[in-house]
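# What the coordinates show
Listed here are the chains, written in short residue letters.
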Amino acid sequence: MADEDPDTYRILKLRAEILELGSAIRQLQREGLDDAAAQLLIARKRARLDLLVKTAPAAGRPNITDIRHS
């Protein structure tokens, strides 16, 4: 991990957080609870991910499926 690009790490971390939030949102919806705060947080994280992916050097981008709309 020491040789890994910090942008790659941030991208992977944000993608994992987005997946986790998506799961939490689905659970809240199933239980009929308010998911507005989680929806706002996931939108912000997706925006950060988009910006990071656009600004990261192409060689440093991980080759992982795009999950921005999970």
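Structure shown above.
This report concerns the structure included in the present document. (Residues numbered from 1 in each chain as written. Predicted model: local features only at pLDDT ≥ 70, side-chain atom pairs only at ≥ 80, totals over all residues. Heavy atoms only, no water.)

## So, the nonpolar core
To be explicit about the condition: For our purposes a nonpolar core is just a set of buried Ala, Val, Leu, Ile, Met, Phe, Trp, Tyr and Cys residues, chained together by side-chain atoms within 4.5 Å. Only protein chains enter the accessibility calculation, which uses a 1.4 Å probe; a residue whose area is less than 20% of its type maximum is buried, one above 50% is exposed, and one in between is partly exposed. To qualify as a helix, a DSSP run of H or I must reach at least 4 residues; to qualify as a strand, a run of E must reach at least 2; elements of each kind are numbered from the N terminus.
With 10 residues, the main nonpolar core is built from I11, L14, I18, L21, I25, A38, I42, L49, L52 and A56. When residues of this core are traced back to their parent elements, those giving at least two are α1 (6–30) and α2 (36–55). Considering each element in turn, this core owes the most residues, five residues, to α1.

## Considering the environment of Q29
Note the threshold: Residue contacts are counted whenever heavy atoms from the two residues lie within 4.5 Å of one another. Think of a polar contact as two N or O atoms within 3.5 Å of one another; within protein, one of them needs to be a possible hydrogen donor and the other a possible acceptor, and neighboring residues in sequence only count if both atoms come from side chains.
Relative to the helices and strands, Q29 is located in helix α1. Overall, the relative accessible area of 46% leaves Q29 in the partly exposed class. Excluding residues that lie within four positions of it along the chain, Q29 makes contacts with D35 and Q39. Looking at Q29, its side chain comes within polar contact range of the side chain of D35, at 2.8 Å.

## Things to note about α2
Which entries qualify depends on this criterion: Given a helix with a known number of residues, its expected span is that number minus one, times 1.5 Å. Note that the arc is computed from the directions linking the helix axis to the C-beta atoms.
With 20 residues, α2 extends 29 Å between its outermost C-alpha atoms, agreeing within 8% with the 28 Å of an ideal straight helix rising 1.5 Å per residue. Within the span of α2, buried status applies to A38, I42, K45, R46, L49 and L52. Taken end-on, α2 shows its buried residues confined to a sector of 130°, consistent with a single buried face. Opposite the buried face of α2, at more than 90 degrees from it, the exposed residues are A37, R44, R48, L51, K54 and T55. As for α2, its buried residues are in contact with α1.

## Observations regarding the environment of I11
In this structure, I11 sits in helix α1. Placed 38 residues apart in sequence, I11 and L49 show a C-alpha to C-alpha distance of 6.3 Å.

## Remarks on the side chain of D35
Stated precisely, the cut-off is as follows: Only four residue types enter the tally: Lys and Arg on the positive side, Asp and Glu on the negative side; His and the chain ends are excluded. The salt bridge criterion pairs a side-chain nitrogen of Lys or Arg with a carboxyl oxygen of Asp or Glu, the two atoms within 4 Å.
Within the fold, D35 resides in the loop between α1 and α2. Among buried Asp, Glu, Lys and Arg side chains, D35 stands out as unpaired, with R26 the closest opposite charge at 9.8 Å.

## Concerning the packing of α1 against α2
Stated formally: Axis geometry follows a simple rule: fit a line to the C-alpha atoms, using only the stretch in contact for helices, then measure angles between N-to-C directions, giving values from 0 to 180 degrees. The labels follow the angle: roughly parallel below 35 degrees, roughly antiparallel above 145, roughly perpendicular from 65 to 115, and oblique for the rest. Crossing chirality is assigned from the near helix's rotation relative to the far helix, an anticlockwise turn below a right angle marking it left-handed and a clockwise turn marking it right-handed. For this classification, Asp, Glu, Lys and Arg are treated as charged, while Ala, Val, Leu, Ile, Met, Phe, Trp, Tyr, Cys and Pro are nonpolar and the rest, including Gly, are polar.
Across the interface, α1 lies against α2 with an axial gap of 9 Å and an inter-helix angle of 155°. With respect to α2, the element α1 is oriented roughly antiparallel. Seen along the crossing, α1 lies across α2 with a hand that is left-handed. Along the contact surface, α1 presents D7, R10, I11, L14, R15, E17, I18, L21, G22, I25, L28 and Q29, while α2 presents A38, Q39, L41, I42, K45, R46, R48, L49, L52 and V53. Considered class by class, the residues forming the contact of α1 with α2 number 12 nonpolar, three polar and seven charged.

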